[in-house]
Every structure is written in C-alpha cells, then in structure tokens.
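The lines below spell out each chain.
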Amino acid sequence: MSRKLVKILGYGVDTFSSEEAVDYIATHHGMVVTINPEMIEYAAKDEKFAQIINSAELVIPDGVGITVGLKILGHNVHRIPGIDFGKALLKRASKDGKTVALIGAKPEIITKAVENVKQEFPDLNIVYFHDGYFDDEDTIITEVINAKPDYVFAALGSPKQEFFINRLKQDLNKSVLIGLGGSFDVWAGAVKRAPEIYQKLGVEWLYRTLSEPKRFKRIFPTLPLFVIKVLKERVIGK
C-alpha cells in the first residue's frame, strides 16, 4: 500500500480511508499529523512547524475545514477525526500486542483516561503515561524513549504536541506517534463528545464552540479566511 496525497495550500493530505490509514501507519510507522486549518495557519508563520507537517509519514484530514477545502479544489476526501483514529490505533495496538505511551492533559485526567482505556482494551500494554503539565521536557522525552513504546499518543495541544513528537521521532523510528489534542479529556469522561448528528455532519467544532464560547476567537476568523485562501488557490490553479 502506497500513499496517495492531494495538496491544499501547499500541504499534502493522505486520501486513505480510516481503516487503510490504520493499516498503513501500523506497518510503516512514523508520525501522524491530524491536520486542520488552524495548523496550516500556524505553519504559514513558523517554518519549522511547516517542515514537521511536510515530513510526517501520514497526514489525515481531521478538521472539517480541510475536507471542505479539498472539495473546493476538486478532491473528495473523507474526514478522519483524530479522536476516532486514536481509538482505532489503540485497538490495533491491543490486538497486535504492542506497547503504548500516553502523554498529556491534567494529572487526574490522564489517570482516568488510562483507567478507561484499559477497561475498554484489557489486553492493552501501557508502558508509560504522564500528564501534560511538566517544565522539564528533556526528562519526559528521555523517559518516553527509555520506555520504548510502539505507539505514542501526545495530547498537548497543537503545535506543542507536534514539536514534542518531532523530538521523539529519531529515537523511536519504529514507533507510531500521533498528536490528539483534547482527546484524553473525552476518554476520561471529563468532556462530553458532540452528539452523533454533529459527528456525522462533521461539525463537532461547532458543538464545542457553542459549549465553550471562548473557543470562538480561536476558530474565527481562521476558518473563513482559510476557505478564502483555498478559493484563491483554486482560481490561481485554473
């Protein structure tokens, strides 16, 4: 199985289905980027972050803005929510007898998330976990490397989690590494996921924004400006 990418604003996005993406990264290893418009916006201002995205071994369309943008450009790519993809990777790790590390969230959240994940996947071998509130990143990096996990899940928020994973890549070159934002809060049961109708429509971001109005400033004007940039790219491309 080989990658088939489509471009949006200069960044390649994989066109795998969720199942294909799990199979691909489980056998090829490397970093998974769950790309969304905010990340592309940040990458435009930070060359190192742009390089991290472009060097990832798998880039899945997590944000609905990405799938909408790709559709504008003539590409019909299915959205793969990072939280669902993370769970699929946990299931795969449990099935294959692989080891797992989880880093992120508040101390009580990561503890509960680990407990719930173990309950859902009793055979899952979690060899390391730590909350995301640490000052000495070097120590955490060393501890993760020494644990030699086959899968690393970092929920530190973007771009911090991508920079963190990038530091691990060289030493854990046979591992799968993915950033999952606020997924641990949901896995811990501390945050309710959007109702199924929002999930099916691909607008979980809208539900979360309505539930947490402070997110509004983060989403807007990034999302509409992103769409405008994509429309310009389409015109220029023609």
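This section reports on the structure supplied with the text. Since the model is a prediction, treat every value here as computed from it, not as a measurement. (Residues numbered from 1 in each chain as written. Predicted model: local features only at pLDDT ≥ 70, side-chain atom pairs only at ≥ 80, totals over all residues. Heavy atoms only, no water.)

1. Remarks on the environment of Asp 14
Here is step 1: Assignment of secondary structure puts Asp 14 in strand S2 (residues 11-14).
Here is step 2: Residues Asp 14 and Asp 123, spaced 109 residues apart in sequence, show a C-alpha to C-alpha distance of 30 Å.
Here is step 3: One polar contact links Asp 14 to Arg 3, side chain to side chain, over a distance of 2.7 Å.
Here is step 4: Within the local environment of Asp 14, its side chain forms a polar contact with the backbone nitrogen of Val 59, the two atoms lying 2.7 Å apart. (Helix = DSSP H or I, 4+ residues; strand = E, 2+ residues; numbered from the N terminus. Polar contact = N/O pair within 3.5 Å; in protein donor to acceptor, adjacent residues only side chain to side chain.)

2. As for the packing of helix H4 (residues 64-72) against helix H13 (residues 222-237)
Here is step 1: Axis separation between H4 and H13 bottoms out at 9 Å; the angle between their running directions is 20°. In this view, H4 runs roughly parallel relative to H13, as classed from their interaxial angle. For the pair H4 and H13, the crossing hand works out as right-handed. Contacts from Gly 65, Ile 66, Gly 69 and Ile 72 in H4 reach Leu 223, Phe 226, Val 227, Val 230, Leu 231 and Arg 234 in H13. (Axes fitted to C-alpha atoms, helices over the stretch in contact; angles between N-to-C directions. Parallel < 35°, antiparallel > 145°, perpendicular 65-115°, else oblique. Left-handed = near helix turned anticlockwise from the far one by under 90°. Contact = heavy atoms within 4.5 Å.)

3. A short note on the nonpolar core
Across soluble globular proteins, you tend to see nonpolar side chains buried next to one another.
Here is step 1: Val 13, Ile 35, Ile 103, Val 144, Phe 164 and Leu 168 are the most contacted members of the largest nonpolar core, which has 37 residues in total.
Here is step 2: The dominant element in this core, judged by the number of residues it contributes, is helix H3 (residues 47-54), at 4 residues.
Here is step 3: Once residues lying within four places of it in the same chain are set aside, the contact partners of Phe 164 are Ile 103, Phe 134, Glu 137, Ile 140, Ile 141, Ala 154 and Leu 156.
Here is step 4: With 35 residues, the next largest nonpolar core counts Leu 58, Ala 105, Leu 124 and Phe 153 among its residues. (Core = buried A, V, L, I, M, F, W, Y, C linked by side-chain atoms within 4.5 Å. Buried < 20%, exposed > 50% of the residue type's maximum accessible area, 1.4 Å probe, protein only.)

4. Structural notes on the sheet that holds strand S5 (residues 99-104)
Across a sheet, paired strands are connected by hydrogen bonds in the backbone, their directions being either parallel or antiparallel.
Here is step 1: With respect to topology, 6 strands assemble into an open sheet ordered S4-S3-S8-S7-S5-S6, the strand pairing being parallel. Each edge of the open sheet carries a strand with a single partner, namely strand S4 (58-61) and strand S6 (125-130). The mean inter-strand angle of the sheet, taken between neighbouring strand axes irrespective of direction, is 15°.
Here is step 2: Strand direction decides the pairing type here: strand S3 (residues 30-35) and strand S8 (residues 176-179), joined by 3 bridges, are parallel. From the neighbouring strand, Gly 30 faces S8, where its bridge partner is Val 176.
Here is step 3: The sheet contacts of helix H6 (residues 107-120) involve S5 and S6, and relative to S6 the element is tilted by about 170°. (Pairing = 2+ DSSP bridges.)

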